[in-house]
Every structure is written in structure tokens, then in C-alpha cells.
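Okay, here's what each chain looks like letter by letter:
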Amino acid sequence: MLPALAFFAFTVLVPSVQGGWFAFTDWDGISPVKHFVGLDQFRKLLDDTAARDAVVTTLLAAVAITIVQNTIGLLLALGVNSRIKSRNVLRVFFFAPAVITPVVTAYLWKYLYAPDGALNSLLGAVGLDGWKQDWLGDPDLALWSVVAVVIWQFSGYSMVIFLAGLQSIPGEIYEAAAIDGAGPVRRFWYVVRPMLAPAITINLMLSVIGGLKLFDQVWVMTQGGPGGATDTLSTVIYKQAFQFNQYAYSTAIAVILTVFVIVISSVQYRYLSRQERNSA
Amino acid sequence: MRTNRLLATTSAALCMAVFGTGCSSDVAGSGGSGGLRVAASSTDRIPMDAVVAAFRKKNPDTKVEITYADTDQLQSTLRTQLSSGTAPDVFTVWPGNGNPAALQILQKAGYLADLSKAPFAAKIADGDKSVTQVDGKTYIVPVTFNGIGAIYDKETLQEIGGSEPRTWDDLIGLCGKAKRKGKVLFALGNQTPWITQLVDYSLAATTVYTKTPDFDEQLSAGKATFSDSAWRDTLKQYLKLNKEGCFTKNALGTSYETSITDVAQGKAVGVVQVTTSIPQVQKEAGADAELGLFALPASNAAADTRIPGAVSAAYGVNAQSKHMADAKKFAEFLGSPQGQEIYAEKGGTLPALPNDSFKADPALASLIAMQKNGKTVPFMDQRWPNPKIQQAHFTAIQKLFAGDATIDDALKSMDKATTSQ
């Protein structure tokens, strides 16, 4: 344990704290010269409309991913937890996208989403021409197109965690509830949901953190475009550091993102833990 | 240097801790072979491989290890490597000042070796010195001369009954001819940010720089703004072309790759592109396809038409290189007539240094003629005061096409980027 902790501290914790120091300098990321500027980089954030817009985009994406991904994951878990013969095949089928690297799936979907791509062709083929869209080129739609890919990819991941929770519930409890006359909805709400509380906590925590850090899929599919419509905090951090030569400012935004993740996930964890205790 | 290394490592770790893959990169890597390490953009793979092969043949005792990366990755990785003292010995450096790994940014930080004494330095054309030199000293070896114009398939142009336009009105008329034949004149992949700049750079070469050749100097000196310049007319022209149906219908959802394919498949007559894209269009269209190139006219006075043309690929030598002699030898080879010819021939471009024996791709004839007549204008971003302007421009064009901004908004955002720290 101790060696692992020491390694983690040496490679992650200490450098992270040291790196945070850049947020208080004017370093451009390449010049040997840097000066201490106090909170200037953080003050700059207040006038940066692109960063402010990115905060809204990030929160919207995180909320949508958390709600939809977990709802689909739970429904899939309930489905493949049944006694149908093909359940193992279906489990693998739904989980498969989660094992592919996000960059690869993002490239794949970029082609599927193209104006003349497979998705629009499919809609045309089934007579839904009116549903054809410029999925990644329409600023009102682009973020949701990217979010949909994340949900498609990781719903199976949520499913596996829910499935583990479902399989830990003894079958006798279901049967007893059924004998007592509880229908499927009541059985889920009063029997399954309380016992799934730990799985719900893990899934919600993971998807909120993943949503707040959203980068790969956005970068591959839109690079934050069109016109910044899909810029998240992570893409803004990348652009400031590597395209604008504003390394210190980028680090300041990264610090803000870190605070975001810590605060939101802490509040969420406290709430969910209380729910778990109440359910127990 | 030790401090820098520690700082770079810690900053990378912070990035990794905060947003995972955003900082990760496994390209332009560290060799460890003990030989000369060269890093180049992956778009230059074909010509660079050929140059390295020729160099190895000439210098069998020098071991050369070459790595390639996409532009974004190369720029970000190079910066990290340079500040941590692990950078390659020779690497791609962008001329001028337009991006994070451009000459003036790297030289200012002291990462580039002085190449003024190399034989090629004396051959650099006067017009290219502003983007290849700093304070009269040469820090990069310019390798190719690249243009931005309309690359088109001659057969498709014939199909729509058109000919190369010489004036703005000709150009608008040609859009109509293409439409009537169920095609678009130009494929446009504005989903890919760097593509967004090509059309208005082409128009600005005439609209802005014919009347104000020193616009960029004025901009840097704070004596000019985008808002109060002919850039306003340039953006109007860009949108006018869009309104007239000259471009792919869903340009914001169309990528660079798709735009090239559209030309190759005859859905579009041509594409406004850098001339280094000619080999790719040719490859997709087939060896039989005959390609042409024309400067995008932006005025009804044909004689006013200019074309963006500038040093494109360029390489610098790491000032901290442990193989300085070999690195300079390699840079000199890149600047030699043999190196330049190989690079230009394999890359479908022109040599950056005068070379009368070079036989260019016929598609480049009009670029060569305009270069000889002094009708080229350096790529705009190469002389802009900072890299943020180009990025602001990318975003502004996408917003204009999405209808989320006005021309006034676009120009103001570029002005704001000009004066920002």
C-alpha cells in the first residue's frame, strides 16, 4: 500500500500541486521567463466570454450525460437481468462500445454524422427525409450530437455496474414482493431501487465527473465548433495552453475545473450517501 | 534546464490530473537511439521520407530517426519537449508568428540555432525574409513555397461549360453555371477549423493587400484594425459566395476529407485549398484526372488579382541539440537544390529557394507565373501579431456561416484578439 501511495503522490499529487502554481504566473508555456502575477489569471476569467460559455456547455453536457446515460444503463441492466436465453450475448453487445477508445468511436460517428453520411442516408431510406440534419454543423444541435455519442458509448458501462447491483439482490425478495401483490413498478421502487443505491451512487459519480471533463469526443468531432458551440472547459483549457500560448491562464481554468469537479462530486456524494443510509 | 524540466513535468501532470487525455500525446517522440532525431508534420510524410532517404544515402554514417505528428499534436508536443530539454534535433517550425510553434515564438524563447552561415541562407528571397528571419538572422530553413487558390478538375469545369474566372463577376457567374448542372463550384469543409480561413485569405490577397500591402505592419503597430479595413469587404464577399450557392450546402458539417472527395467524385468543380493538397486530390481523382489552379478573383480589375503564396514547410535546429553538427548538416541538405527538389517534387509544391532546374507539377503553372510577377501575398496569419487572431478568425467564420454573428461581430473579435495579451 505504502509504495503505491508514494508512487501516486510522486507522480500525481505533488506535480499537480506544483503545477497549480503556474496559475499564479504569466508563463506562456515555452519562455524560460515567468513572473508571479497573483490572481490576475483568475480575474481574466471574469471577462472571458468563451470560458463562461464553456462552463454552461460543460454543465449542460454533464447533466444530460448523467441523466440519460444512467437511465438507459438501468433499463438495459433490468432487461439483460431477465431470464431470456440471449442475455449474455446482449450484455456483451451493449457493453462493447465502452471498451473502444473514445477517440475511435468519435471518428466513427463523425463520418456517420456527416451531411451525406450513414445516419442521414438511413433516415432518407426509411422515408424520414424531414429528420435529416447537419448533426455536427448546426450550432444548436452539435453539442447534443456529441453528447449522444458519449451516452451511446457508456450506457453499457453503467449497465454493467447496475447489473452487478441487481445480481446481488436475492431472488427470494423479488418473489416475496410478487407474492405480496406488488407490480413491476412497485417492486422496482420499493425493493430494487433501495438495494441498488450503492450502484446508483457509483454510476452517478462516474458520469458526472466524466461529463465535466468531456474532451476527446468534442475534440475529434467538432474541435469546439461550430463557432465555439461545443467548447467545454477542457477544450478551452487545451486551446489556451497549446493554441494561444496562454499556459498560465490555461492552468487557472484547469484549477477552476478541478474545484468544480471536487465541489459538485462532493455535494453529490453527500446527498447520495444520505440516500443510501435512508434506504438501508 | 533542470528547473524547466521539473516545471514541464509538473505542468503536464497537472493537466493529466485535471483533464486526462487532453494533454496526452505519444507522437514526435523521444528516440533514444543516439542518432539525429527529426520531427515533422504528418502532412509532410511523403516528401520528408524521400529527403531522409536521400540524406542517409549521402551520409551513411549518420543515423536519422524521423517521427511524424498531426499539426496540433506536433505543436503541443514540441513545446513541452523544448521546455523540458527533450526536443528533437531538427523539427518543423512554422514561418512567421501565426501559431504556437512559429519562428518568432520559438526564437524569442531561445530554442532555435542560428543558421545564418548556412549556404541556403543567402538564397532566401527578400519577400520571404520577414517570415524566416529575426533581427536579420536566419533561424529556419524554408523548404517549400505553397499557394492558396482554387484547385479544380478540368473535366468537371468543362462539363459545366465554364472557364477559369478572371474577375469577381466571372466567379459569381461560374457558381450559377455549376448550380445549373447540379454541382457546386467549390467544396467547402468548414467543419475543420483551418479550412475556414482559405477562402477569405484568397479574397483578402486582392481586396486588402492590393491597396494596403503593409496592412499587417499597420496592425502590429496599432495603426489599423480589422473593423476599419477592407477585411470587412472580404468577409462580405465570402458570405456573398455562400449566398450565391458557390459552396457545399452544409459547409459547417463537412470535413476537409469530404471536401477533397467531393472534387474527386465530380460533385464539386474544385476546392479552395493550399497547393499541397494537389497530390491528395490527384490521388483520389485518379492519375488520369487533369487538375488546374487559379487565383480566386475578388475584383473586376483582373490585373489586381493576387494569390496567397508563402514559405510553407520550414525546419529549425534545436539550439540545445546534442548532435549540432549533424543537425546543421541535415538542415543544409534541406536547403540544398537536391533536398529542395526532392521535397517539392514529392509534395507537389515549389521549392522555397530559387531553383531553375525544378520541373513543377503543371497544375502549379499559374502560381509560378504569379510568383514571378510579384503577385503573391504571404499567408496572412504568418505576419499577424499573435496566434490568437487566427483562432479568433476560425471561430468567427464558423459563427458567420451558422448565422450566429454579424460581420461586425467577427471583425471585432479579431480586433480583440489582436490587442489581447
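Provided above is the structure to which this section pertains.
Residues numbered from 1 in each chain as written. Chains lettered and ligands numbered in written order. Predicted model: local features only at pLDDT ≥ 70, side-chain atom pairs only at ≥ 80, totals over all residues. Heavy atoms only, no water.

### Digging into the overall build of chain B
We apply this condition: Numbering goes from the N terminus for both helices and strands, where a helix is a DSSP run of H or I of at least four residues and a strand is a run of E of at least two. C-alpha atoms define the radius of gyration in this analysis, and the globule rule sets the expected value at 2.2 Å times the number of residues to the power 0.38. Think of it in three bands: residues with accessible area under 20% of the maximum for their type are buried, residues over 50% are exposed, and the middle band is partly exposed, with areas taken using a 1.4 Å probe on protein chains only.
Each helix and strand counted, chain B has 18 helices and 14 strands in total. In terms of C-alpha radius of gyration, chain B reaches 21 Å, essentially the compact-globule figure of 22 Å for 421 residues. Seen through its principal axes, chain B has C-alpha atoms that stretch 65 × 45 × 40 Å. Relative to its full complement of 421 residues, chain B shows a buried share of 60%.

### Concerning the packing of helix H10 (residues 231–243) of chain B against helix H17 (residues 387–402) of chain B
Residue and element names in this part refer to chain B. Our working definition: Simply put, an axis is a line fit to the C-alpha atoms, just over the touching stretch for a helix, and the angle between two N-to-C directions goes from 0 to 180 degrees. Roughly parallel means an angle under 35 degrees; roughly antiparallel, over 145; roughly perpendicular, 65 to 115; everything else is oblique. Here a crossing is taken to be left-handed if its near helix is turned anticlockwise relative to the far helix by less than a right angle, and right-handed if that turn runs clockwise. Any two residues whose heavy atoms approach within 4.5 Å at even a single point are treated as in contact.
The N-to-C vectors of H10 and H17 enclose an angle of 40 degrees; their axes lie 11 Å apart at closest approach. As far as their axial angle goes, H17 and H10 are oblique. The two elements H10 and H17 cross, and the hand of that crossing is right-handed. When H10 is examined against H17, the residues Leu235, Tyr238, Leu239 and Asn242 are found in contact with a partner set consisting of Ile397, Leu400 and Phe401.

### Focus: the side chain of Thr132(B)
Residue and element names in this part refer to chain B. Basically, it comes down to this: Throughout this description, a polar contact denotes any pair of N or O atoms lying within 3.5 Å of each other; where both atoms belong to protein, one of them has to be capable of donating a hydrogen while the other can accept it, and for residues adjacent in sequence the pair is counted only when both atoms sit in side chains.
Its location among the elements puts Thr132 in helix H5 (residues 126–132). Of the polar contacts made by the side chain of Thr132, one reaches the backbone oxygen of Asp128; its length is 2.9 Å. Contacts of Thr132, omitting those with residues within four sequence positions, involve Leu103, Ile124, Lys137, Thr138, Tyr139, Ile140, Pro142 and Val311.

### Points about the pattern of salt bridges
As a reminder of what qualifies: In what follows, salt bridge is the name for a side-chain nitrogen of Lys or Arg lying within 4 Å of a carboxyl oxygen of Asp or Glu.
Going through the model one piece at a time under the given rule, you end up with 11 salt bridges over all chains. The partner of Arg43(A) in a salt bridge is Asp40(A), with the nearest N and O atoms 2.7 Å apart. Of this pair, Arg43(A) and Asp40(A) both sit in helix H2 (residues 40–46), three residues apart, which is roughly one turn of that helix. When its relative accessible area of 49% is taken as the criterion, Arg43(A) is described as partly exposed. Take Asp40(A): its relative accessible area is 40%, and that puts it in the partly exposed class. Several salt bridges converge on common partners, so that one network encompasses Arg232(B), Asp408(B) and Lys412(B).

### Remarks on the interface of chain B and chain A
Operational definition: Note on definitions: buried area is the accessible-area loss of two parts on being combined, 1.4 Å probe, summed for both. Polarity classes work like this: nonpolar for Ala, Val, Leu, Ile, Met, Phe, Trp, Tyr, Cys and Pro, charged for Asp, Glu, Lys and Arg, and polar for all others, with Gly in that last group.
Listed by partner, the interface residues are 45 residues for chain B and 51 residues for chain A. Summed over both sides, the interface of chain B with chain A buries roughly 3,900 Å², with 58% coming from carbon and sulfur. Connecting chain B to chain A are zero salt bridges. In this structure, the connection of chain B to chain A is made through six residue pairs in polar contact (both at pLDDT 80 or more). Within the residue set of the side of chain B that touches chain A, elements represented by two or more residues are helix H1 (2–19), helix H3 (71–84), helix H4 (103–108) and H17 of chain B. A per-element tally of the side of chain B that touches chain A places H1(B) first, with 12 residues. Of the residues belonging to the side of chain B that touches chain A, the class tally is 20 nonpolar, 17 polar and eight charged.

### Describing the sheet that holds strand E2 (residues 64–69) of chain B
The strands making up a sheet associate through backbone hydrogen bonding, with each pair oriented either parallel or antiparallel. All names here are of chain B. Quick note on the threshold: Any two strands with at least two DSSP bridges between them are considered paired.
Pairing within the open sheet is mixed, and its five strands lie in the order E2-E1-E3-E12-E6. Whereas interior strands pair on both sides, the edge strands pair on one side only; in this sheet they are E2 and strand E6 (140–142). Mean inter-strand twist for the sheet, computed between neighbouring axes without regard to direction, equals 20 degrees. Taken together, the three bridges between strand E3 (residues 90–92) and strand E12 (residues 314–317) define a ladder with antiparallel strand orientation. By the bridge assignment, Val90 is partnered in E12 with Val317. Set on the sheet, helix H2 (residues 45–58) makes contact with strand E1 (36–41), E2 and E12; between it and E2 the angle comes to about 175 degrees. Sheet contacts for helix H13 (residues 324–335): E1, E3, E6 and E12; angle to E12, the most-contacted strand, approximately 160 degrees.

### Details of the packing of helix H8 (residues 171–179) of chain A against helix H9 (residues 184–195) of chain A
All names here are of chain A. H9 packs onto H8 with a crossing angle of 160 degrees between their chain directions and a minimal axis gap of 10 Å. Considering the angle they form, H8 stands roughly antiparallel to H9. As H8 runs across H9, the sense of the crossing is right-handed. Of H9, the residues touching H8 (which contributes Ile173, Tyr174, Ala177 and Ala178) are Arg187, Val191, Val192 and Met195. Tallied by class, residues from the contact of H8 with H9 come to seven nonpolar, no polar and one charged.

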